[in-house]
Amino acid sequence: MKQVAYFHPALRVLHWLMAAAIIAMLFIGVLMVSTISSLHSLLVSIHKPLGMMILVLVIVRLWLRFYTATPALPASLPAWQRAMAHLSHWALYGMMLAQPLIGWAMLSAAGYPVSLGSGFVLPPILPVNNDWYAILRPLHSVVALALFITVMLHLAAALLHALILRDGVFESMSGTRKR
């Protein structure tokens, strides 16, 4: 594949859109499980379709990621940092795929519909089963926490590249200047 200085424009748009959606989703999820007020229903009605939107977007993003050229990391980065960057990106992709699927499976196992609004309801992906629900409910929380931690580390690394190292890594995703 050819060498490029920037990620494909569609990948950049998806990256920033998904960053906002995932951060919103994490905070909505925390609020949702910590309230019993009338706000709970509103949060649930946002949480489910937003999760499905993230699932669709990550599938599109992965497809684009495999079929477009991506910028190389700077040669000045030590090998262990390059390995950690690649590992953290694939961990993010894995969690972005797994989290909505776990949520969908958890709701299916509990017998709750996944309504996306306007009467559109997704089919269950698991039969109603309390044992599965008992496994998936805490797993959904654990993956959410792992996703939050990984996103914060990703943000810290992005700021390191943008503000201190100034090596073009941040710019390759922001599209602000040549590397």
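Refer to the preceding data block for the structure.
The structure contained in this document is the topic of the report that follows. Per chain, residues are indexed from 1 in the order of the written sequence. Whole-chain, interface and lining totals are the exception, using all residues; otherwise, since this is a predicted model, local features are given only for residues with pLDDT of at least 70 and side-chain atom pairs are given and counted only at 80 or more. Think of the side-chain values as coming from all heavy atoms in the structure, minus any hydrogens and water.

Section: the packing of helix H1 (residues 9–33) against helix H4 (residues 130–165)
Phase 1 of the analysis: To get an axis, a line is fitted to the C-alpha atoms, and for a helix only the part in contact is used. The angle between two axes follows their N-to-C directions and goes from 0 to 180 degrees. Secondary structure elements are taken from DSSP: a helix is a run of H or I of four residues or more, a strand is a run of E of two residues or more, and numbering for both begins at the N terminus. The N-to-C vectors of H1 and H4 enclose an angle of 135°; their axes lie 11 Å apart at closest approach. Classed by the angle they form, the pair H1 and H4 counts as oblique. In this structure, H1 crosses over H4, and the sense of that crossing is left-handed. Facing H1, whose interface residues are His15, Ile22, Ile23, Leu26 and Val33, H4 presents Arg137, Ala144, Leu147, Phe148, Val151 and His154.
Phase 2 of the analysis: Here the residues of the contact of H1 with H4 sort into eight nonpolar, two polar and one charged. Here the angle decides the label: under 35 degrees means roughly parallel, over 145 means roughly antiparallel, 65 to 115 means roughly perpendicular, and every other value means oblique. Take the far helix as your reference; a near helix turned counterclockwise from it by less than a right angle gives a left-handed crossing, and one turned clockwise gives a right-handed crossing. Whether two residues are in contact is decided by their heavy atoms: any pair within 4.5 Å suffices. Think of it as three bins: nonpolar holds Ala, Val, Leu, Ile, Met, Phe, Trp, Tyr, Cys and Pro, charged holds Asp, Glu, Lys and Arg, and polar takes everything else, Gly as well.

Considerations on the packing of helix H2 (residues 39–67) against helix H3 (residues 79–110)
When two helices pack together, their arrangement is given by the angle between the helix axes and by the axis-to-axis distance.
Phase 1 of the analysis: Two elements in contact, H2 and H3, have axes whose closest approach is 9 Å; the angle formed by their N-to-C orientations is 145°. Considering how the two elements wind past one another, H2 and H3 form a crossing that is left-handed. Residue-level inspection shows Lys48, Gly51, Met52, Ile54, Leu55, Val58, Ile59, Arg61, Leu62, Arg65 and Phe66 of H2 in contact with H3, the latter providing Trp90, Tyr93, Met96, Leu97, Pro100, Leu101, Trp104 and Leu107.
Phase 2 of the analysis: For the contact of H2 with H3, the per-class residue count stands at 15 nonpolar, one polar and three charged.

Some points on the side chain of histidine 15
Phase 1 of the analysis: When you line up the elements, histidine 15 lands in helix H1.
Phase 2 of the analysis: Residue classification places histidine 15 among the buried residues on the basis of a relative accessible area of 13%.
Phase 3 of the analysis: If near-sequence neighbours (up to four positions away) are discounted, histidine 15 is found in contact with Arg61, His154 and Met173. Relative accessibility under 20% of the residue-type maximum defines a buried residue, over 50% an exposed one, and the middle range a partly exposed one, all with a 1.4 Å probe and only protein chains included.

Details of the packing of aromatic side chains
Phase 1 of the analysis: Only rings of Phe, Tyr and Trp enter the pairing, Trp through its six-membered ring, and a pair is recorded when the two centres are within 6.5 Å. The plane angle decides the type: under 30 degrees is stacked, over 60 is edge-to-face, the rest tilted. Under the defined criterion, the tally for this structure stands at four aromatic pairs.
Phase 2 of the analysis: Residues tryptophan 16 and phenylalanine 170 carry aromatic rings whose centres are separated by 6.2 Å and whose planes lie at 70° to one another, so their mutual orientation is edge-to-face. You can see tryptophan 16 sitting in helix H1 and its partner phenylalanine 170 sitting in helix H5 (residues 169–174), a full 154 residues away along the chain.
Phase 3 of the analysis: Pairing tryptophan 63 with tyrosine 67 gives two aromatic rings, centres 5.3 Å apart and planes at 40°, and the pair type is tilted. On the criterion of helical spacing, the pair formed by tryptophan 63 and tyrosine 67 is a turn pair, its members being four residues apart in helix H2.
Phase 4 of the analysis: Take tyrosine 67: its relative accessible area is 60%, and that puts it in the exposed class.

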